[in-house]
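Tertiary structure, described
For reference, the chains in residue letters:
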Amino acid sequence: VDTQYSSDIGYVKLIYSIGLFGLGLIILMYYKMYRNASFKDALQSDLSYKLMVRLFKFMIVIIFIFNFKLLLMYSRGIHDLVLMSFYVIDKYKISNT
């Protein structure tokens, strides 16, 4: 049986492609990255680092908002950018402590 969906909502597309459990795991991953960045933001006093972390947190919020219409969450380009940004934030914290 071939099920077709005709929705253009990003969350509905994700549910049809990976299911509710997969969507929950993706949301959990983004939430943990956001929470980890918030925790690191509070610990640092470097202004450039704080700006980088706040830009990262803003990017995650925008991804959640725009995913209502577009499929941005876990899309190839955006997800790679989020992972690279998180990696830079994490490494910057380690090298400056």
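Conventions adopted
- Residues numbered from 1 in each chain as written.
- Predicted model: local features only at pLDDT ≥ 70, side-chain atom pairs only at ≥ 80, totals over all residues.
- Heavy atoms only, no water.
- Helix = DSSP H or I, 4+ residues; strand = E, 2+ residues; numbered from the N terminus.
- Contact = heavy atoms within 4.5 Å.
- Areas by Shrake-Rupley, 256 points an atom, 1.4 Å probe, with all protein chains shown as cover.
- Expected span 1.5 Å × (residues − 1).
- Bend = angle between axes of the 7 residues up to and from the residue.
- Buried < 20%, exposed > 50% of the residue type's maximum accessible area, 1.4 Å probe, protein only.
- Phe/Tyr/Trp six-rings, centres within 6.5 Å; stacked < 30°, edge-to-face > 60°.
- Patch = residues over 30% accessible without salt bridge, like charges linked within 9 Å, V, L, I, M, F, W, Y side chains within 5 Å.
- Salt bridge = Lys/Arg side-chain N within 4 Å of Asp/Glu carboxyl O.
- Core = buried A, V, L, I, M, F, W, Y, C linked by side-chain atoms within 4.5 Å.
- pLDDT = per-residue confidence, 0-100.

1. Brief notes about the overall build of the protein chain
Within the protein chain one finds three helices and zero strands. Reading the secondary structure of the protein chain in the N-to-C direction produces α-α-α. A sequence separation of at least 24 residues applies to 65% of the contacts in the protein chain between residues at least 6 apart. For the protein chain, the accessible surface area stands at approximately 6,700 Å², while carbon and sulfur atoms represent 67% of it.

2. Points about helix α1 (residues 10-43)
Helix length check: α1, at 34 residues, gives a terminal C-alpha distance of 35 Å against a target of 50 Å (1.5 Å per residue), a shortfall beyond 12%. The largest bend along α1 reaches roughly 110 degrees and is located at I18. For α1, the full list of buried residues reads G10, Y11, L14, G22, L23, I26, Y30, M33, A37, K40 and D41.

3. Some remarks on the packing of aromatic side chains
One pass over the structure, following the stated rule, counts two aromatic pairs. Their ring planes at 80 degrees and their centres at 5.9 Å tell us that Y30 and F64 sit as a pair that is edge-to-face. Here the residue Y30 occupies a position in helix α1, and F64 occupies one in helix α2 (residues 47-66), the gap between them amounting to 34 residues. Seen in terms of ring centroids, F56 and F86 are 5.9 Å apart; in terms of plane orientation they differ by 35 degrees. Their pairing is tilted. Of this pair, F56 sits in helix α2 while F86 sits in helix α3 (residues 76-95), placing them 30 residues apart in sequence.

4. Some remarks on the environment of K57
Following the sequence through the fold, K57 ends up in helix α2. Taking the C-alpha atoms as reference, K57 lies 7.7 Å from S38; in sequence the two are 19 residues apart. In this structure, K57 is in contact with Y34, A37, S38 and D41, ignoring residues within four places of it in sequence.

5. Here's the deal with a nonpolar patch on the surface
A cluster of nonpolar side chains, namely F21, L25, L28 and Y31, defines an oily patch on the protein surface of about 450 Å² accessible area. Examined against the element boundaries, L28 turns out to sit in helix α1.

6. A word on the nonpolar core
One finds Y30, M33, F56, I63, M73 and V82 to be the most contacted residues of the largest nonpolar core, which totals 18 residues. Contributing elements (two or more residues each) for this core: α1, α2 and α3.

7. Regarding the side chain of K50
Counting through the fold element by element, K50 comes out in helix α2. Setting aside anything within four residues of it in sequence, one finds K50 in contact with D41, Q44 and S45.

8. Digging into the confidence of the model for the protein chain
Put simply, the protein chain has an average pLDDT of 81, and 86% of its residues get 70 or more. Across the protein chain, the element-wise mean pLDDT spans from 81 in α3 up to 88 in α2.

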